[in-house]
Structures are given as C-alpha cells and as structure tokens.
Amino acid sequence: MYTDDVTGASWRTGGDDHADRVESRFARSYRLHGFTVLELHGEIDLAAQLDVEPYLDVITGVPAPRVVIDLCGTEFLDCSGLRLLVRARRRTADRGGELRLVCPEGVAAHRVMRCGGLLDALGPVATLADALPEENPGAFASQI
C-alpha cells in the first residue's frame, strides 16, 4: 500500500507494481473486461488533480495500459482536470495503450471539454458499456 504524503491518497499495488485500487476522496477504481476503470467524482480541480495524478501515472505508466476514466460522478471540472485527462491520454498513447472516457452530454465535464475544443481529441462516450469492448458480455466486474 502506497500513501501520498501530500494528499493522503492511497493505493494498493499488485506484484507487478501495477496499481490495483485507489482509495481517494475523488476517485475509486476497479478492473472490468481487462481495463482499469477509474471513477472520478466531486469537483475535479487542482486539489483533485494532486490527489489523483500519482495514481493515474501508475496505471498509465505500464506497457499498453487499458484505462477507462468515468466522469459521470463529477460535479465540476476546471483546467486542472482537463490537464489530467489530456496527460492521461498522452501517456497511454505513448505506451501503446487505450484510454477511454465516459462522460455523457449534460455532465459539467462534457461542457468544459466542448468549450476547450477537446471533445474530438478525448472522444468521450455516454456510458461505461459504450467504453468497454463487446467481448465477454457476460463477464462481471471485479472489485479489487
């Protein structure tokens, strides 16, 4: 278990040093269909960025990371939150991985991405089911 000295966020890692679970006031994660799903909630601002970024760096730092960031539970997203998303997109692409965003229209984060001209670059989809591959439709989520 690692704990960030500044923010207090903690995460458990597996044997390959790939973070399995985040426990944070802004995020929680689980594995589903071979992806690490990171649900962000609340206000995603500078405080949230500082809390979540070390964990996101771990899950996007492995070879060919497969990550879904779910923004459905967010109430607010500022430029710090956008930076977090763009950085995660770049890190996964640099390592040959996939990053998918869940953010339906009407969620504040969607409006911010649209105003920032990032909808095409980040490619959010409306539901978690839309973000995940259709393989293994009967598989279930494993809360780690």
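Residues numbered from 1 in each chain as written. Predicted model: local features only at pLDDT ≥ 70, side-chain atom pairs only at ≥ 80, totals over all residues. Heavy atoms only, no water.

A. Quick look at helix α3 (residues 108–115). Taken together, the buried positions of α3 are A108, A109, H110 and M113. Where α3 is buried, its residues meet β6 (66–77), α2 (79–94), β7 (98–102) and α4 (119–122). Two residues or fewer past α3, G117 is found with a positive phi of approximately 70°. (Buried < 20%, exposed > 50% of the residue type's maximum accessible area, 1.4 Å probe, protein only. Helix = DSSP H or I, 4+ residues; strand = E, 2+ residues; numbered from the N terminus. Contact = heavy atoms within 4.5 Å.)

B. Region of interest: the packing of helix α1 (residues 46–60) against α2. One can describe the packing of α1 onto α2 by two numbers: an axis separation of 10 Å at closest approach and a directional angle of 5°. In this view, α1 runs roughly parallel relative to α2, as classed from their interaxial angle. Residues L46, Q49, V52, E53, L56, D57 and T60 of α1 form the contact with α2, whose own contacting residues are S80, R83, L84, R87, A88, R91 and T92. Residue composition of the contact of α1 with α2, by class: five nonpolar, four polar and five charged. (Axes fitted to C-alpha atoms, helices over the stretch in contact; angles between N-to-C directions. Parallel < 35°, antiparallel > 145°, perpendicular 65-115°, else oblique. Nonpolar A, V, L, I, M, F, W, Y, C, P; charged D, E, K, R; others polar.)

C. Quick look at the nonpolar core. Membership of the largest hydrophobic core comes to 26 residues, with the highest contact counts inside it found for L40, V52, L56, I69, L71, L85 and M113. Listing elements by their share of this core, those giving two or more residues are β5 (35–44), α1, β6, α2, β7 and α3. Broken down by element, the residue count for this core peaks at five residues, all from α1. When neighbours within four sequence positions are excluded, L40 is seen to be in contact with F26, A27, V52, I69, D70, L71, G73, T74 and L84. In terms of nonpolar packing, the next biggest core, distinct from the first, is built from eight residues, Y30, L32, V37 and V102 among them. (Core = buried A, V, L, I, M, F, W, Y, C linked by side-chain atoms within 4.5 Å.)

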